[in-house]
Amino acid sequence: GAACMNNTFCLGIFYFVVYIKKLYWSFTAETVTIVVVQLLMATQAVRKVHTLLNGLCVLMIYPASIAMVWILENICGLD
């Protein structure tokens, strides 16, 4: 829970700085992937019992997130 909260908080601060300083944003694919990973982790975190299958699903989130960034950048055209 703390890792997701920290990621969300830091991402919010980062968005605020980008908005205030009017910086160019070229990380849309990565940002979308971070939000999706956080939502997936939230579904796993609320379970009362964690099984080996749940652990394997969590482990597969990392390679899936790399694939998602590649798909969003190269196929969907997000920057």
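Residues numbered from 1 in each chain as written. Predicted model: local features only at pLDDT ≥ 70, side-chain atom pairs only at ≥ 80, totals over all residues. Heavy atoms only, no water.

Trainee: Where do I start with the packing of helix H2 (residues 28-45) against helix H3 (residues 52-74) in this structure?
Mentor: Their axes nearest at 9 Å, the elements H2 and H3 cross at an angle of 165°. It follows from the interaxial angle that H2 and H3 lie roughly antiparallel. Crossing of H2 against H3: the hand is right-handed. Of the residues in H3, those touching H2 at Ala29, Glu30, Val32, Thr33, Val36, Val37, Leu40, Met41 and Gln44 are Asn54, Cys57, Val58, Ile61, Ser65, Met68, Val69, Leu72 and Glu73. Residues of the contact of H2 with H3, tallied by class, amount to 12 nonpolar, 4 polar and 2 charged. (Axes fitted to C-alpha atoms, helices over the stretch in contact; angles between N-to-C directions. Helix = DSSP H or I, 4+ residues; strand = E, 2+ residues; numbered from the N terminus. Parallel < 35°, antiparallel > 145°, perpendicular 65-115°, else oblique. Left-handed = near helix turned anticlockwise from the far one by under 90°. Contact = heavy atoms within 4.5 Å. Nonpolar A, V, L, I, M, F, W, Y, C, P; charged D, E, K, R; others polar.)

Trainee: Just to check I follow, could you spell out the confidence of the model for the chain for this structure?
Mentor: The share of residues in the chain with pLDDT of 70 or more is 99%, and the mean pLDDT across the chain is 90. Helix H1 (residues 2-21) is the least confidently modelled element of the chain, averaging 86 in pLDDT, while H3 averages 95, the highest of any element. (pLDDT = per-residue confidence, 0-100.)

Trainee: What should I look at first to understand the packing of aromatic side chains in this one?
Mentor: A ring pair, where both rings are aromatic, is described by two values, the distance of the centres and the angle of the planes. Applying the stated criterion to the full structure yields 3 aromatic pairs. Centre to centre, the rings of Phe14 and Trp25 are 5.5 Å apart; their planes meet at 55°, and the pair counts as tilted. Residue Phe14 is located in helix H1, and its partner Trp25 is located in the loop between H1 and H2; the two are separated by 11 residues in the primary sequence. Its relative accessible area of 39% is what places Phe14 among the partly exposed residues. Plain terms: the ring middles of Tyr15 and Trp25 are 5.5 Å apart, the flat faces sit at 70° to each other, and that makes the pair edge-to-face. (Phe/Tyr/Trp six-rings, centres within 6.5 Å; stacked < 30°, edge-to-face > 60°. Buried < 20%, exposed > 50% of the residue type's maximum accessible area, 1.4 Å probe, protein only.)

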